[in-house]
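Chain residues, written in single-letter form:
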Amino acid sequence: MVDTLALEPITCPLCGAAHATPLWQERDVALGVPGLFPVARCGDCGLLYQNPRVRIDDMTRMYPADYPPHARNPDVARALADGAAVRTVLADRLGYRHLAATATWRGRVAARLRRRRIEKNFPPWVGEGRLLDVGCATGRFLQRMKAIGWRVSGIELDPEAAATAKTVTPDVVIGDPSTVTLPARHFDLITAFHVIEHLPDPLGALRNMLGWLAPGGLMIVEVPNAGGWGGRLFRRYWSGLDYPRHLVHFTPATMGAMVERAGGRVVGELHWSKPRWITRSMRHWLGSRPGAGARLALAALDSRLGGGLVKLVLEVALRPASLARAGEVARYFIRHAEAVR
């Protein structure tokens, strides 16, 4: 039998307060790591975080050997299927002047129809095109960005994933972004997709990242949104909590506060939801309910007809979430604080 992970009490990762209100504890419903993992709310700043937290020397055990790294922009591959449309949007809308090309009328139509999806899946061009991806995993995102002209570098905690990423670029550092040393004010764009919530010291990581950001540079951080509709509705059963791997659970308010404490400023946000994220939380909730009614509802949700109907309803119901800053995922655009005063 696998031993449960060791836990230790911690102070708030945002404000350092020692007082936190316990909310609940739950098991790992996604990957089955043994144990119960608590969530607490800071009594001073309101941050949600794991406390007691998995002990740092036990954190590698939160990730099974076959742990699938968080996907980087899963729709990029589909967007790349029409190179002319992608190049048109990148050149006309996102500053990729080196990709400018004369598109046919079909390419222009395709670019207009798919503009929003392409803009969501590609960052704007910044400065000299020096990109650092924090938590680069096996380098899939680095490879895509290199293909459109970026000079790419990465940071990755897992040595095996980092070894694969080094086949894309030799500039991959193994380590935690809160302790890694890199050149100051060097990178024009720094990205961190679904990474910050995994870190024991997210404030230290953000402070370092801002230190590595060149003047006029842009940082993009994407995390699950604990302040969204799903988090508020499902609470302990919300799939975005991902016990025990997510150590900190951000709302727009607490992310903004942590970025400011690190020396930055959130200058833009993008929120969105997908039906499958909500249905995942529904499965967690139904799976915890006793009785035949919950089992029947779960079976209906997993059926082709029931799942299809739920997806159709959610497609419509979730559209306002982005406007209300209440999506399942939030992407934050961040600059140096002094640059936006």
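Residues numbered from 1 in each chain as written. Predicted model: local features only at pLDDT ≥ 70, side-chain atom pairs only at ≥ 80, totals over all residues. Heavy atoms only, no water.

1. Structural notes on the nonpolar core
Then step 1. Judged by nonpolar contacts, the single largest core of 58 residues is most densely connected at M209 and V221.
Then step 2. Sorting elements by how many residues they give to this core places helix α7 (residues 202-212) first, with six residues.
Then step 3. Residues V89, Y96, L142 and A165 belong to the second largest nonpolar core, which totals 28 residues. (Core = buried A, V, L, I, M, F, W, Y, C linked by side-chain atoms within 4.5 Å. Buried < 20%, exposed > 50% of the residue type's maximum accessible area, 1.4 Å probe, protein only. Helix = DSSP H or I, 4+ residues; strand = E, 2+ residues; numbered from the N terminus.)

2. What about the sheet that holds strand β3 (residues 37-42)?
Then step 1. Strand order across the open sheet formed by four strands is β2-β3-β4-β11, with antiparallel pairing between neighbours. Sheet topology places β2 (20-26) and β11 (248-249) at the edges, where each strand pairs with a single neighbour.
Then step 2. Examined bridge by bridge, β2 and β3 share six bridges and lie antiparallel to one another. Residue T21 lies in a different strand from β3, and its bridge partner there is R41. (Pairing = 2+ DSSP bridges.)

3. Side note on the confidence of the model for the protein
Then step 1. For the protein, mean pLDDT is 90; residues scoring 70 or higher make up 94% of the total.
Then step 2. This model gives residues 70-81 a pLDDT under 50, and the stretch forms 34 contacts once residues within four places in sequence are excluded. (pLDDT = per-residue confidence, 0-100. Contact = heavy atoms within 4.5 Å.)

4. Side note on the packing of α7 against helix α9 (residues 252-262)
Then step 1. Direction vectors running N to C along α7 and α9 enclose 55°, while the axes themselves pass 8 Å from each other. In terms of orientation, α7 and α9 fall into the oblique class. For the crossing formed where α7 meets α9, the hand is right-handed. Contacts from P202, L203, L206, R207 and L210 in α7 reach M258, V259, R261 and A262 in α9. (Axes fitted to C-alpha atoms, helices over the stretch in contact; angles between N-to-C directions. Parallel < 35°, antiparallel > 145°, perpendicular 65-115°, else oblique. Left-handed = near helix turned anticlockwise from the far one by under 90°.)

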